[in-house]
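Report on the structure
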Amino acid sequence: MTSFSNSSDSSIRDSFGSKLGIIAAAAGSAVGLGNIWRFPYVVGENGGGAFLLIYIGFVLLIGVPVMLAEFTIGRKAQLNAFGAFRKLAPKSLWFLIGVMGIIAAFTILSFYSTVSGWTLQYLLEASKTGFVGSTNESLQTDFNSFMANGWLPVFWQLLFMGLTAFVVYSGVKNGIEKYTKFLMPLLLIIIIVLGINSLLLPGGAKGLEFLFKPDFSKITMSVVLEALGQAFFSLSIGMGVLITYGSYIQKSDNLSNTAISVSLTDTLIAILAGVAIFPAVFAFNVNPGEGPGLVFITLPLVFEQMTGGYFFAILFFLLLAIAALTSTISVLEVVVAYLVEEKKMTRLKATIISASSISLVGVICTLSLGPLKNELILFGMSFFDLMDYVSANILLPFGGFLIVVFAGWVLGRNQLHNEISNNGVLKASLFNFFLFVVKYLAPIAIALVFINQLNLFDAL
Ligand code: TRP
């Protein structure tokens, strides 16, 4: 039992027990559906290798510093994403970043849990039939009728939220750390096995070309900004997940190294996902540009034809489910940590209340793609798409912007330096560069993404 589960007023905060545990948990948050289906597809559509170079540049130049800023705020305050700003900047409105983080947890988790539920249905389907005898049309029909059913996807979604809640309730060390330390290496092994298998397929080289060959003619302003947006979502920055996780990092750990390791792991796994998917897609001559359907419609067709496809299909959907789970727990933890610390709830009560209220919104998302498809249209999109849009295009970039401005201009040089260098124990050699990024580069870059995603450029 952790201190949280026993009583809410205990003064001993739960924390990660080891360096590897922090990296597993934070990389677990970062590596998710965003890496495995979105990243490969986005790379392929936006100039392959050229987009990849820009993406990696953004991860290193902006992603790592923003992640480090979140860790620093969290560890310095030793509080949840809401309490952290209350403590570091009392009597100001900065705590609204925490409020936004909690709203973002609801919007992200509602649609993310819908898709997470699909991974379980497809895992079951893979192990029952291995998609044997399926055709492109039948897979399309199956996918549509699964969503139209309504209750079946809701069932999987609630089961997934239940799993998420169980891990979060178990605590930081005995839940999040324990499960991510086991699941992340498993995920890495699965994706490497899938990657090797894919590379061995005859005709797969075209897939690598699609993924890696730089096509600079496709690079436009909006592609550049798309790369930055993808980096934000993929690294889990901008809503306080990493502030919350940062508050569980021990004072003697090296925050900069943690931010670098987590970002590199996230990028590596995204690239590996592309390597696992595209050579296979090209080897079997199926359409690589399916978007969301790439994973649920195109890939089953690939597995259907592949030698050992039954085995690889199960591995793949297991991989997706694991990647999704280690991400959903990080989002739920933001709300639970808030309720435990600010509203003095027990961890059990906080988990039940947050998981069930998020599930309520989540069920609406799921039904908006099925039975409520025609009823629930807001601003011209389904409720599912609306939640997706609001989180990725509004809440995250805006949250990220406020977080870096807070770090650079409110905490400032001395406070940041003390926390990052562990009060002068560590060297913090790139500190000046970091300071430049959080004060100037990141706020400007994020502002550009934000403006672009709201299509304000088009309006000019
Ligand atoms: N990074 C995850 C992915 O790529 C999604 C995610 C989890 C996330 N937690 C987040 C995104 C917090 C933004 C903020 O799938």
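Residues numbered from 1 in each chain as written. Predicted model: local features only at pLDDT ≥ 70, side-chain atom pairs only at ≥ 80, totals over all residues. Heavy atoms only, no water.

Further remarks concern the site of the ligand. Within the structure, the ligand sits among 17 residues, and Ala30, Gly34, Tyr112, Phe233 and Ser236 are positioned closest to it. Contact between the ligand and leucine 33: an oxygen atom at 3.1 Å from a main-chain N or O atom of the residue. In the environment of the ligand, a nitrogen atom lies 2.8 Å from a nitrogen or oxygen atom belonging to the backbone of phenylalanine 233. Summarising the interface, the protein chains cover 100% of the accessible area of the ligand, which totals 360 Å² for the free molecule. Contributions of two or more residues to the shell around the ligand are made by helix 2 (19-30), helix 3 (33-45), helix 6 (96-129), helix 11 (221-235) and helix 15 (309-342). (Near = heavy atom within 4 Å. Polar contact = N/O pair within 3.5 Å; in protein donor to acceptor, adjacent residues only side chain to side chain. Areas by Shrake-Rupley, 256 points an atom, 1.4 Å probe, with all protein chains shown as cover. Helix = DSSP H or I, 4+ residues; strand = E, 2+ residues; numbered from the N terminus.)

Turning our attention to the packing of helix 4 (residues 49-77) against helix 5 (residues 81-88). Helices that pack against each other are described as a pair by the angle of their axes relative to one another and the distance between those axes. In contact at an axis separation of 9 Å, helix 4 and helix 5 are set at 75° when each is read in the N-to-C sense. In terms of their interaxial angle, helix 4 and helix 5 are classed as roughly perpendicular. Between helix 4 and helix 5, the residues in contact are Ile73, Lys76 and Ala77 and Ala84, Phe85, Lys87 and Leu88, respectively. The residue makeup of the contact of helix 4 with helix 5, split by class, is five nonpolar, no polar and two charged. (Axes fitted to C-alpha atoms, helices over the stretch in contact; angles between N-to-C directions. Parallel < 35°, antiparallel > 145°, perpendicular 65-115°, else oblique. Contact = heavy atoms within 4.5 Å. Nonpolar A, V, L, I, M, F, W, Y, C, P; charged D, E, K, R; others polar.)

In this model helix 6 runs 49 Å from its N-terminal to its C-terminal C-alpha over 34 residues, within 8% of the 50 Å that 1.5 Å per residue would give. Of all the bends in helix 6, the greatest, near 25°, is centred on leucine 109. With 25 of its 34 residues buried, helix 6 lies for the most part within the structure. Within two residues after helix 6, glycine 130 carries a phi angle of roughly 60°, on the positive side. (Expected span 1.5 Å × (residues − 1). Bend = angle between axes of the 7 residues up to and from the residue. Buried < 20%, exposed > 50% of the residue type's maximum accessible area, 1.4 Å probe, protein only.)

Bringing the pattern of salt bridges into the picture now. Applying the stated rule across the entire model yields six salt bridges. The salt bridge involving glutamate 419 is made with arginine 75; its shortest N-O contact spans 2.7 Å. Of this pair, glutamate 419 sits in helix 17 (residues 383-420) while arginine 75 sits in helix 4, placing them 344 residues apart in sequence. In this structure, arginine 347 engages glutamate 333 in a salt bridge whose closest nitrogen and oxygen atoms are separated by 2.6 Å. Residue arginine 347 is found in helix 16 (residues 347-367), and its partner glutamate 333 is found in helix 15; the two are separated by 14 residues along the sequence. Taken individually, arginine 347 and glutamate 333 each receive the classification buried, so the pair is uniform in this respect. (Salt bridge = Lys/Arg side-chain N within 4 Å of Asp/Glu carboxyl O.)

It is worth spelling out the packing of aromatic side chains at this point. Counting across every chain of the model gives 31 aromatic pairs. Look at phenylalanine 431 and phenylalanine 434: their rings are 6.1 Å apart centre to centre, the planes differ by 50°, and that puts the pair in the tilted class. Of this pair, phenylalanine 431 and phenylalanine 434 both sit in helix 18 (residues 431-453), three residues apart, which is roughly one turn of that helix. Exposure class is identical for phenylalanine 431 and phenylalanine 434. Each is buried. One residue, arginine 86, lies across the ring of phenylalanine 95, its end atom 4.5 Å from the ring centre. Taking the ring centre of tryptophan 409 as reference, the NZ or CZ of lysine 439 above it sits at 4.5 Å. (Phe/Tyr/Trp six-rings, centres within 6.5 Å; stacked < 30°, edge-to-face > 60°. Lys NZ or Arg CZ within 6 Å of the ring centre and 35° of its normal.)

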